[in-house]
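Residues per chain, in single letters:
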Amino acid sequence: MDWSHYRFVSIWDLPAPPDAVYEILERADDYPRWWPQVREVASVDGTTGTTRIRSLLPYDLVLTVRERRRDPRARVIEATLSGDLDGWIRWTVGPHDGGSRAVYEQEVEVRRRLMRLLAVPGRPVFRANHALMMRAGRRGLAARLEAV
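Residues numbered from 1 in each chain as written. Predicted model: local features only at pLDDT ≥ 70, side-chain atom pairs only at ≥ 80, totals over all residues. Heavy atoms only, no water.

(A) Representation of the overall build of the chain within the structure. What the chain contains, in helices and strands, is 4 helices and 7 strands. Its helices and strands in sequence order give the chain the pattern β-α-α-β-β-β-β-β-β-α-α, from N to C terminus. Compactness check: the chain gives a C-alpha radius of gyration of 15 Å against a globular reference of 15 Å for 148 residues, within 12% of the reference. For the chain, the spread of C-alpha atoms along the three principal axes comes to 45 × 30 × 25 Å. Burial status across the chain gives 45% buried among its 148 residues. Expressed as a percentage of contacts within the chain between residues at least 6 apart in sequence, the contacts between residues at least 24 apart total 51%. Accessible surface, the chain as shown: approximately 8,100 Å² in total, 53% of it carbon and sulfur. (Helix = DSSP H or I, 4+ residues; strand = E, 2+ residues; numbered from the N terminus. Rg over C-alpha atoms; globule rule 2.2 N^0.38 Å. Buried < 20%, exposed > 50% of the residue type's maximum accessible area, 1.4 Å probe, protein only. Contact = heavy atoms within 4.5 Å. Areas by Shrake-Rupley, 256 points an atom, 1.4 Å probe, with all protein chains shown as cover.)

Here it is as structure tokens:
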């Protein structure tokens, strides 16, 4: 097993139409406004940007995010990641119980040296840190949708 490899799936059920959820998720530059752990997003060009993320643990992850698919009809957004993490992310938004279900998938290899050194003992902590970040993101998105 590669202890520096992670696969995450988070499911967010939200009381808003799928198109409204998708519209917010496709505006990555606005993530810091509603997702507390996304500290900074800077656009490089129309499909690439840099993102700085920090959750509960005392370190930042800096990523280059390159869009590889944006499909408003299917409500799918995919991007590749490089930097402190290498891999990919995907949002898929669909209808669910009169609202929406946003599914976040991520598969990454940790590149940050300290995290690689702490891969085995730190794995449960890193996974918990990710779960806290995703929980806060769902709450932030729900609040953002209520404000719109």
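The structure having been displayed, the exposition proceeds.
(B) Focus on the nonpolar core. Residues W12, V21, L25, W35, W91 and L141 are the most contacted members of the largest nonpolar core, which totals 37 residues. For this core, the secondary structure elements donating two or more residues are β1 (5–14), α1 (18–25), α2 (31–34), β4 (61–71), β5 (76–83), β6 (85–96), β7 (99–110) and α4 (119–147). Per element, the largest residue contribution to this core is 6 residues, and it comes from α4. Each residue touching W91, except ones within four places of it in the same chain, is listed here: W12, L25, Y31, W35, R75, V76, I77, A102, V103 and Y104. (Core = buried A, V, L, I, M, F, W, Y, C linked by side-chain atoms within 4.5 Å.)

(C) Representation of the sheet that holds β7. Overall, antiparallel pairing links the 7 strands, which are arranged β1-β7-β6-β5-β4-β3-β2 in an open sheet. Looking at strand neighbours, the two that pair on one side only are β1 and β2 (38–43), the edges of this open sheet. Adjacent strand axes in the sheet meet at a mean angle of 20°, parallel and antiparallel pairs treated alike. Examined bridge by bridge, β4 and β5 share 8 bridges and lie antiparallel to one another. Bridge assignment links R69 to a residue of β5, and that residue is E78. Against the sheet, α1 touches β1, β4, β5, β6 and β7, its axis set at about 160° to β6. (Pairing = 2+ DSSP bridges. Axes fitted to C-alpha atoms, helices over the stretch in contact; angles between N-to-C directions.)

(D) Here's a closer look at α4. Counted at 1.5 Å a residue, the expected span for α4 with its 29 residues is 42 Å, and the 40 Å between its end C-alpha atoms agrees. Largest kink in α4: about 25°, centred on V125. (Expected span 1.5 Å × (residues − 1). Bend = angle between axes of the 7 residues up to and from the residue.)

(E) Up close: the pattern of salt bridges. Tallied over the entire structure, the rule returns 18 salt bridges. R75 serves as the salt-bridge partner of D19, at 2.8 Å between the closest nitrogen and oxygen. Linking D19 in helix α1 with R75 in the loop between β4 and β5, this pair joins segments that are 56 residues apart in sequence. Here E78 and R69 are joined by a salt bridge, their closest N and O atoms 3.7 Å apart. Overall, R69 belongs to the partly exposed group, its relative accessible area being 33%. One network of salt bridges, with partners in common, ties together R7, R68, R69, D71, E78, R90 and E105. (Salt bridge = Lys/Arg side-chain N within 4 Å of Asp/Glu carboxyl O.)

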